[in-house]
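Summary of structural features
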Amino acid sequence: GKEVLEAFAHHHQGEFEEFFNARFVLDLLQQGYVPLGKRSPQIFDYLQVGLRYVAESPSSADFFHLLQIEVLRIICERPGPELCARLARLLSRYPQSVPSGNLQTVFCQQLIQTIKLFHCQCDAEDDVVTFLEHVTKTSGMLQSVWRTNVTSILPSLKELFIVISSPGGVRATQAGVVMGNSNVWHIETRYTKLK
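Residues numbered from 1 in each chain as written. Predicted model: local features only at pLDDT ≥ 70, side-chain atom pairs only at ≥ 80, totals over all residues. Heavy atoms only, no water.

1. As for the overall build of the protein
Summing up its helical and strand segments, the protein has nine helices and two strands in all. Residues counted as buried form 45% of the 195 residues belonging to the protein. Residue pairs in contact within the protein that sit at least 24 positions apart in sequence constitute 67% of those at least 6 positions apart. Summing over all exposed atoms, the protein offers an accessible surface of approximately 10400 Å²; the carbon and sulfur share of this is 55%. (Helix = DSSP H or I, 4+ residues; strand = E, 2+ residues; numbered from the N terminus. Buried < 20%, exposed > 50% of the residue type's maximum accessible area, 1.4 Å probe, protein only. Contact = heavy atoms within 4.5 Å. Areas by Shrake-Rupley, 256 points an atom, 1.4 Å probe, with all protein chains shown as cover.)

Okay, here's the thing in structure tokens:
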């Protein structure tokens, strides 16, 4: 899978750029890639391999514009913690993939709504730690956007307030919001063993 793609890109750069085009990336994100479905976190591993070889190509601006739109669409579909953590890794390596302009505010609001749905119903300590790592990486996307676009902070905080104050609010098994020492909001996940 990924190793074959990397070898192809490394040894046949020109052909790879023709293969790894905007249409392929769109299909990859919307339909998956056999045997991986579109909700498979490994899709982002394939994407990172490909971007490494086309990020400097003349068509890279088209790729990143496409990715900005697709990233927002994916977050609006409320993916799980593992997929969000992989997406966070992609966005940290390729920040030009983060939605830009007014879409950054929408991205943050939708990301908060996505995190709100994260549940940890694990018994094993390793699974709980993995879940917390996914939530931490996911919430890091908010901080990344806030650092580059301070105008997105207030709408994000309003969204957080709506989540906290809504009926049912934030339960112990869901993501909760706390004020950090640095006066920057961050997401904390509380875990309680379900009986």
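2. Looking at helix α7 (residues 103-116)
Between its terminal C-alpha atoms α7 stretches 20 Å, which fits the 20 Å expected from 14 residues at 1.5 Å a residue. Of the residues making up α7, those classed as buried are Gln104, Thr105, Phe107, Cys108, Leu111, Ile112, Gln113, Thr114 and Ile115. (Expected span 1.5 Å × (residues − 1).)

3. Some words on the packing of helix α4 (residues 42-54) against helix α5 (residues 60-76)
Interaxial distance between α4 and α5 falls to 11 Å at its minimum, and their mutual angle equals 160°. Judged by the inter-axis angle, α4 sits roughly antiparallel to α5. For the element pair α4 and α5, the recorded crossing hand is left-handed. Taking contact as the criterion, the partners of Phe44, Leu47, Leu51 and Val54 in α4 are, on α5, Ser60, Phe63, Phe64, Leu67 and Ile74. Looking at side-chain class alone, the contact of α4 with α5 contains eight nonpolar, one polar and no charged residues. (Axes fitted to C-alpha atoms, helices over the stretch in contact; angles between N-to-C directions. Parallel < 35°, antiparallel > 145°, perpendicular 65-115°, else oblique. Left-handed = near helix turned anticlockwise from the far one by under 90°. Nonpolar A, V, L, I, M, F, W, Y, C, P; charged D, E, K, R; others polar.)

4. Comments concerning the nonpolar core
Within the largest apolar cluster, 51 residues are counted, with the highest numbers of intra-cluster contacts made by Leu47, Leu87 and Phe107. Every element with two or more residues in this core is listed here: α1 (2-11), α3 (22-31), α4, α5, α6 (81-93), α7, α8 (125-148) and α9 (153-165). When near neighbours in sequence (up to four residues on either side) are disregarded, Leu87 contacts Phe44, Val71, Ile74, Ile75 and Met141. (Core = buried A, V, L, I, M, F, W, Y, C linked by side-chain atoms within 4.5 Å.)

5. Re unusual backbone geometry
Phi is positive for Arg78, which is not a glycine, with a value near 60°. Within the secondary structure, Arg78 is located in the loop between α5 and α6.

6. Brief notes about the packing of α6 against α8
In a pair of packed helices, the angle between the axes and the distance between the axes together describe the arrangement. In contact at an axis separation of 8 Å, α6 and α8 are set at 45° when each is read in the N-to-C sense. The orientation of α6 relative to α8 falls into the category oblique. Considering only the axes of α6 and α8, their crossing is left-handed. In this structure, α6 uses Pro81, Glu82, Cys84, Ala85, Leu87, Ala88 and Leu91 to contact α8, whose residues at the interface are Phe131, His134, Lys137, Thr138 and Met141. Among the residues making up the contact of α6 with α8, the classes are represented as eight nonpolar, two polar and two charged.

7. With respect to the environment of Thr138
Mapped onto the elements, Thr138 comes out in helix α8. For Thr138, a relative accessible area of 0% gives the class buried. Each C-alpha atom of the pair Thr138 and Thr114 lies 9.7 Å from the other, and the pair is 24 residues apart in sequence. Once residues within four sequence positions are removed from consideration, Thr138 is found in contact with Pro81, Cys84, Ala85, Ala88, Leu111, Ile115 and Phe118.

8. Quick notes on the environment of Ser152
Summarising the element assignment, Ser152 is placed in the loop between α8 and α9. Separated by 49 residues in sequence, Ser152 and Leu103 place their C-alpha atoms 9.5 Å apart. A distance of 2.7 Å separates the side chain of Ser152 from the backbone oxygen of Asn149, its partner in a polar contact. (Polar contact = N/O pair within 3.5 Å; in protein donor to acceptor, adjacent residues only side chain to side chain.)

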